[in-house]
Amino acid sequence: MALTSESRNQSWKDWFLLLFLLSAATLACLLLDPYVSLTSLSMLYVLAVVLVSSRLGRSHSVLAAFAAVAALNFFFVPPRWTFQVERSEHFIALLTMLVLALVINHLASGMRRETEMARLNETRARQLQSLAIALADADTPQAVKLLGQRALDTAFSGTNTLALFEADASELDLPLELPNAIRDGLRCCLKEAVVLGAGTGRWTELDAWYIPLGELRQGRELSGAVCIQAVAGDDESGREHAVALCSMLAQALWRLRLSVAMQAAQREAQKQQLQGIFLAAISHDLRTPLAVVVGAASALQLQHDKLSVLEQQRLLTSIVNEAGHLANLTENTLQLVRLANSAQPLTRDWESMEEITGSVLARIRQYDSSRRIVSKVPDSLPLVRVDAVLISQLISNLLENALKYTDAAIHLVVSLETQVEGENLLVSVKDRGPGISEAELATIFDAYSRGDHSERSQQRGSGLGLAVCRAIAQAHGGSLILRRRSGGGSSFILSLPLTLEQPFKQGEQP
Ligand code: ADP
């Protein structure tokens, strides 16, 4: 492999440092020579070798050890300025110095390797940690892929390929320019679901690692595969780091798959619930009034002549009542289904609550002959962005319930409420009827939930009205709550959030 300019520069610096340290030792020895013994001079050379070993690689250090022994011999061991050694004691001293320098060199390179390893492991641990944090926010496979590719490129200097399965397909999404050898490697590691390549025991002749994303266990599927090129078989810790990165990516991809599957299951459960509502309505609530209508209508048709005017009137009244109940039940059931199906948006517009309550009251007062509903609606209320038909239905349901369950006065009050999060418009319907027991409070808004007092008094109803009211409130981003009133009765409070910007009314200047 050709040297890059950066590594060439580094190599020159290493040689320069080696030369500099040996020259410095020689100079120091020349200066000290008249005053100290040969043994002391040799120690200065050993010091230079130690410094070289602690900074440079093994080859530089071994060379420095031999060069130091040669320099000591040449400059200071008699006969000086030659490489000859006359006395055996000098020969032993030089040999001992060489062995000492090589041992120190061996120990220093070991220590340096361990320090480098510790530093590398720390960097890798930090990389895994920051990847884990980043992956927690990734909400699409593409985001995971981007983070994964970046992490691989930071950790490994060769070419790295990260391939995921295409959505709803069994084929890997591979770039067109990817060489066939890498395509085959990725496919093979997916087929065998194991790590392949240098140092793994399989395909060891390659200088790359092929790592599958995920494990084939507990019904899990693989999400893709990674190829890391230009790696060494003996770089076990590098391979472990690559496998750790891949397993993190695989977990993030699996989490995304699970959340998609969970959302689908939730949608399916919602669908089943809606079907349940329909079935329940058809199987019980629709059947009984329909049977009454059919029975009364056929009696009128077949025995018209035999029935007195009073009996005919009674049958007609029961047909009208049951048909009305059927219409109400069907409308509420359909409304609930429509609201639960979030795909259908509301038809919102800027509306005045004064006008909505006014039209509801005008209609309801037709059959509130004793005019029990007392309304209190301030004049200058801000406009609300709502579906007027739905909000009218909600207020009508609450007022009709109050009329049904109490004989006393009913209060319809509209007011403003200021909260930390913003302003809300409140619509309250208060009565002094039988109220709702503490035990029923939690379930009274559920579909088909009816209060004990209604069942006891055999009061006509379907238990859908309040469920529809709450669904309408929630579809508007608001809420509907029920408070038991001290002194008896109920207070239903609709809260609608108000937006800060208000539209300009006709005639107003912007
Ligand atoms: P329905 O009135 O058809 O039974 P709703 O969903 O409108 O169904 O009401 C559910 C139950 O809540 C009723 O059966 C009744 O027991 C109770 N309820 C609703 N409104 C009032 C009220 N104003 N006072 C007392 N009970 C009420």
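Cut-offs and rules
Residues numbered from 1 in each chain as written. Predicted model: local features only at pLDDT ≥ 70, side-chain atom pairs only at ≥ 80, totals over all residues. Heavy atoms only, no water. Phe/Tyr/Trp six-rings, centres within 6.5 Å; stacked < 30°, edge-to-face > 60°. Buried < 20%, exposed > 50% of the residue type's maximum accessible area, 1.4 Å probe, protein only. Lys NZ or Arg CZ within 6 Å of the ring centre and 35° of its normal. Domains from an automatic or database assignment. Helix = DSSP H or I, 4+ residues; strand = E, 2+ residues; numbered from the N terminus. Expected span 1.5 Å × (residues − 1). Arc of directions from axis to C-beta. Pairing = 2+ DSSP bridges. Salt bridge = Lys/Arg side-chain N within 4 Å of Asp/Glu carboxyl O. Axes fitted to C-alpha atoms, helices over the stretch in contact; angles between N-to-C directions. Parallel < 35°, antiparallel > 145°, perpendicular 65-115°, else oblique. Left-handed = near helix turned anticlockwise from the far one by under 90°. Contact = heavy atoms within 4.5 Å. Nonpolar A, V, L, I, M, F, W, Y, C, P; charged D, E, K, R; others polar. Near = heavy atom within 4 Å. Polar contact = N/O pair within 3.5 Å; in protein donor to acceptor, adjacent residues only side chain to side chain. Core = buried A, V, L, I, M, F, W, Y, C linked by side-chain atoms within 4.5 Å. Patch = residues over 30% accessible without salt bridge, like charges linked within 9 Å, V, L, I, M, F, W, Y side chains within 5 Å. Areas by Shrake-Rupley, 256 points an atom, 1.4 Å probe, with all protein chains shown as cover.

Thoughts on the packing of aromatic side chains
Right, on to step 1. One pass over the structure, following the stated rule, counts ten aromatic pairs.
Right, on to step 2. With 6.2 Å between their ring centres and 75° between their planes, Trp203 and Tyr210 make a pair best called edge-to-face.
Right, on to step 3. Accessibility expressed as a relative area gives 31% for Trp203, which makes it partly exposed.
Right, on to step 4. Three or more aromatic residues joined by ring pairs form one cluster here, namely Tyr45, Phe74, Phe75, Phe76, Trp81 and Phe83.
Right, on to step 5. Of note, Arg470 hangs over the ring of Phe445, and the distance from its end group to the ring centre comes to 4.0 Å.

What to know about the domain arrangement of the chain
For an interface, size is often stated in terms of accessible area lost upon the parts coming together.
Right, on to step 1. Segmenting the chain into domains produces domain 1 (2-118), domain 2 (140-260), domain 3 (263-340) and domain 4 (346-497).
Right, on to step 2. For domain 2 and domain 3, the distance between their C-alpha centroids amounts to 61 Å.

Focus: helix α9 (residues 353-364)
Right, on to step 1. Here α9 spans 16 Å end to end across twelve residues, near enough to the 16 Å set by a 1.5 Å rise per residue.
Right, on to step 2. Those residues of α9 lying buried are Met353, Ile356, Thr357, Val360, Leu361 and Ile364. Looking straight down α9, one finds that the buried residues subtend no more than 125° of arc, so they occupy a single side. Exposed and facing more than 90 degrees away from the buried side of α9 are Glu355 and Ala362.

Things to note about the pairing of strand β11 (residues 490-497)
Taken residue by residue, a regular strand's side chains alternate between the two faces of the sheet.
Right, on to step 1. Where burial is concerned, most of β11 is hidden: seven out of the eight residues are buried.
Right, on to step 2. Of the pairings in the sheet, the one linking strand β9 (residues 423-430) to β11 comprises seven bridges and is antiparallel in character. By the bridge assignment, Leu426 is partnered in β11 with Ser495.
Right, on to step 3. Joining the antiparallel neighbours strand β10 (residues 479-484) and β11 is a turn of five residues, in which Gly487 adopts a positive phi near 95°.

Looking at the pattern of salt bridges
For side chains of opposite charge, pairing can occur when their charged atoms come near one another.
Right, on to step 1. One pass over the full model with this rule turns up eight salt bridges.
Right, on to step 2. One salt bridge connects Arg87 with Glu89, and the closest N-O pair in it is separated by 2.5 Å.
Right, on to step 3. The class for Arg87 is partly exposed, based on a relative accessible area of 47%.

A look at the packing of helix α8 (residues 309-340) against helix α12 (residues 465-475)
Each packed pair of helices is defined by two parameters, the angle between the axes and the distance between the axes.
Right, on to step 1. Relative orientation of the contacting elements α8 and α12 amounts to 30°, with a least axis distance of 9 Å. The orientation of α8 relative to α12 falls into the category roughly parallel. Where α8 crosses over α12, the handedness of that crossing is left-handed. On α12, the residues touching Asn332, Gln335, Leu336 and Leu339 of α8 are Gly465, Ala467, Val468, Ala471, Ile472 and Ala475.

Some details on the packing of helix α4 (residues 88-137) against helix α5 (residues 141-155)
Right, on to step 1. Where α4 meets α5, the axes come as close as 10 Å, and the angle between the chain directions of the two elements is 170°. Classed by the angle they form, the pair α4 and α5 counts as roughly antiparallel. Listed contacts from α5 to Gln127, Leu131, Ala134 and Leu135 of α4 are Val144, Leu147, Ala151, Thr154 and Ala155.
Right, on to step 2. When grouped by side-chain class, the residues that make up the contact of α4 with α5 number seven nonpolar, two polar and no charged.

Some thoughts on the environment of Lys191
Right, on to step 1. Considering the arrangement of structural elements, one finds Lys191 in helix α6 (residues 180-192).
Right, on to step 2. Residues Lys191 and Ile133, 58 residues apart in the sequence, show an inter-C-alpha distance of 31 Å.

A short note on the site of the ligand
Right, on to step 1. Close to the ligand lie 21 residues; Asn401, Arg450, Ser454, Ser462 and Leu466 are nearest.
Right, on to step 2. Taking Arg450, its side chain carries an N or O atom lying 2.6 Å from an oxygen atom of the ligand.
Right, on to step 3. Elements represented by at least two residues in the shell around the ligand include exactly α10 (388-405), α11 (452-456), α12 and β11.
Right, on to step 4. For the shell around the ligand, the element with the highest residue contribution is α10, accounting for four residues.

A word on the sheet that holds β10
Right, on to step 1. Pairing is mixed in the open sheet, where five strands are placed in the order β6-β8-β9-β11-β10. Edge positions in the sheet fall to β6 (373-376) and β10, since each has one partner strand and no second. The average undirected angle you get between the axes of adjacent strands in this sheet is 20°.
Right, on to step 2. Note that β10 and β11 share six bridges and pair antiparallel. Paired with Arg483 across the two strands is Ser491, which belongs to β11.
Right, on to step 3. The strands touched by α10 within the sheet are β6, β8 (410-418), β9, β10 and β11, with β8 carrying the most contacts at an inclination of about 135°.
Right, on to step 4. On top of the sheet, α12 reaches β10 and β11; it is set at about 130° to β10, its chief contact.

Some thoughts on the nonpolar core
Right, on to step 1. One finds Met353, Ile395 and Leu399 to be the most contacted residues of the largest nonpolar core, which totals 46 residues.
Right, on to step 2. The element best represented in this core is α10, accounting for nine residues.
Right, on to step 3. Two domains each provide a minimum of three residues to this core, namely domain 3 (263-340) and domain 4 (346-497).
Right, on to step 4. Counting 26 residues, the second-largest nonpolar core is a separate cluster that includes Leu128, Ile211, Leu249 and Leu256.

Comments concerning the environment of Leu72
Right, on to step 1. By secondary structure assignment, the location of Leu72 is in helix α3 (residues 58-75).
Right, on to step 2. Considered as a pair, Leu72 and Ser42 are 30 residues apart in the sequence and their alpha carbons are 6.8 Å apart.

With respect to a nonpolar patch on the surface
Right, on to step 1. Judged by side-chain polarity, Leu27, Leu30, Leu31, Leu32, Tyr35, Val36 and Trp81 come together as a nonpolar surface patch covering roughly 760 Å² of accessible area.
Right, on to step 2. Within the element layout of this structure, Val36 appears in the loop between α1 (5-32) and α2 (38-55).
Right, on to step 3. Using a relative accessible area of 33% as the deciding quantity, one classes Val36 as partly exposed.

Concerning the sheet that holds strand β2 (residues 196-197)
Right, on to step 1. Pairing is antiparallel across the open sheet formed by four strands, whose spatial order is β1-β4-β3-β2. Each end of this open sheet is capped by a strand with a single partner; those strands are β1 (160-164) and β2.
Right, on to step 2. With six bridges connecting them, strand β3 (residues 208-213) and strand β4 (residues 224-229) associate as antiparallel partners. Considered in β4, the bridge of Tyr210 is made with Cys227.

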